[in-house]
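Residue-level structural notes
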Amino acid sequence: MSKKAPASSLLKLIVPAGKATPSPPIGPALGQRGVKSMDFCKQFNDRTKELILETPTPVAIAIKPDRTFTFEIKSPPTSWLLKRAAGIGKGASQPGKQVAGTVSLKHIYAIAQIKATDPVMSHIEMHKICKSIIATAKSAGIKVVH
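Residues numbered from 1 in each chain as written. Predicted model: local features only at pLDDT ≥ 70, side-chain atom pairs only at ≥ 80, totals over all residues. Heavy atoms only, no water.

The next thing to look at is helix α3 (residues 78-86). Among the residues of α3, T78, L81, L82 and A86 are the ones counted as buried. Along the axis of α3, the buried residues cluster in a sector spanning 130 degrees; they form a single face. At its buried positions, α3 is contacted by β4 (101-104), α4 (105-115), α5 (126-139) and β5 (142-145). Downstream of α3 by a residue or two, G87 has a phi angle that is positive, lying close to 75 degrees. (Buried < 20%, exposed > 50% of the residue type's maximum accessible area, 1.4 Å probe, protein only. Helix = DSSP H or I, 4+ residues; strand = E, 2+ residues; numbered from the N terminus. Arc of directions from axis to C-beta. Contact = heavy atoms within 4.5 Å.)

As a further point, take the packing of α3 against α5. Across the interface, α3 lies against α5 with an axial gap of 10 Å and an inter-helix angle of 70 degrees. When the interaxial angle is binned, α3 and α5 end up roughly perpendicular. For the pair α3 and α5, the contacting residues are T78, S79 and L82 in the first and I133, T136 and A137 in the second. Among the residues making up the contact of α3 with α5, the classes are represented as three nonpolar, three polar and no charged. (Axes fitted to C-alpha atoms, helices over the stretch in contact; angles between N-to-C directions. Parallel < 35°, antiparallel > 145°, perpendicular 65-115°, else oblique. Nonpolar A, V, L, I, M, F, W, Y, C, P; charged D, E, K, R; others polar.)

What follows covers the pairing of strand β2 (residues 56-63). Within β2, seven of the eight residues are buried, leaving the element largely enclosed by the surrounding structure. Where strand β1 (residues 9-16) lies against β2, eight bridges are found, and the strand directions are antiparallel. Residue pairing in the sheet places P16 in a bridge with P56 of β2. Linking β2 back to strand β3 (residues 69-73) in an antiparallel pair, the connection comprises five residues, with R67 at a positive phi of about 70 degrees. (Pairing = 2+ DSSP bridges.)

With that out of the way, let us pick up α5. An α-helical turn contains 3.6 residues, so a residue and the one three or four places further along point in the same direction. For α5, spanning 14 residues, the distance from its first C-alpha to its last is 20 Å, which sits close to the expected 20 Å at 1.5 Å a residue. Restricting attention to buried positions, one finds in α5 the residues I129, C130, I133 and A137. Within α5, the buried residues cover an arc of 100 degrees as seen down the axis, which keeps them to one side. Within α5, the exposed residues directed more than 90 degrees away from the buried face are K131, K138 and S139. Elements that come into contact with the buried residues of α5 comprise α3, α4 and β5. (Expected span 1.5 Å × (residues − 1).)

Turning to the sheet that holds β2, a few remarks are in order. Within the open sheet, the three strands sit side by side as β1-β2-β3. Their pairing is antiparallel. The open sheet has two edge strands, β1 and β3, and neither has a second partner. Adjacent strand axes in the sheet meet at a mean angle of 25 degrees when their direction is disregarded.

Attention shifts here to the packing of α4 against α5. Viewed as axis vectors pointing N to C, α4 and α5 meet at an angle of 115 degrees, and their least axial separation amounts to 9 Å. What the angle tells us is that α4 and α5 run roughly perpendicular. Note that α4 runs across α5; the crossing there is right-handed. For the pair α4 and α5, the contacting residues are L105, I108, Y109, I111, A112, Q113 and K115 in the first and M126, I129, C130, I133 and I134 in the second. (Left-handed = near helix turned anticlockwise from the far one by under 90°.)

Here is the structure:
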């Protein structure tokens with residue numbers, strides 16, 4: 001029997017754009033896998049310097065057995081983009097009964113264009129992405145106006 005090469009591990013984090021530091025949660029998560037967190041933080045901050053500071057940015061880090069890593073930066077969460085477009089801090093405590101804010105279809109389309117840049121969404125049609133964003137807005141208590 002032949003031995004299989006150890007697979008790389010995948011670590012998913014949400015890190016503020018341009019503000020990655022080796023403190024928790026990044027430092028301990030990378031440290032226990034034997035990766036220098038400072039190297040990741042420098043590379044991440046360099047690649048996210050064009051984004052608005054402190055934008056929550058999902059990142060998938062693939063850590064190889066030789067302790068090297070690669071990472072992929074994804075678009076911010078839909079709920080964060082919706083709350084920002086509506087100008088609110090948090091969604092409604094009782095969605096469907098309360099309205100926390102409103103967004104227009106123009107905002108929905110702009111958010112859909114941002115989300116369409118993700119590799120996961122590359123094969124999905126734009127109107128389906130828009131429907132998904134409208135459903136997320138409804139579940140957060142944000143009204144979509146025409």
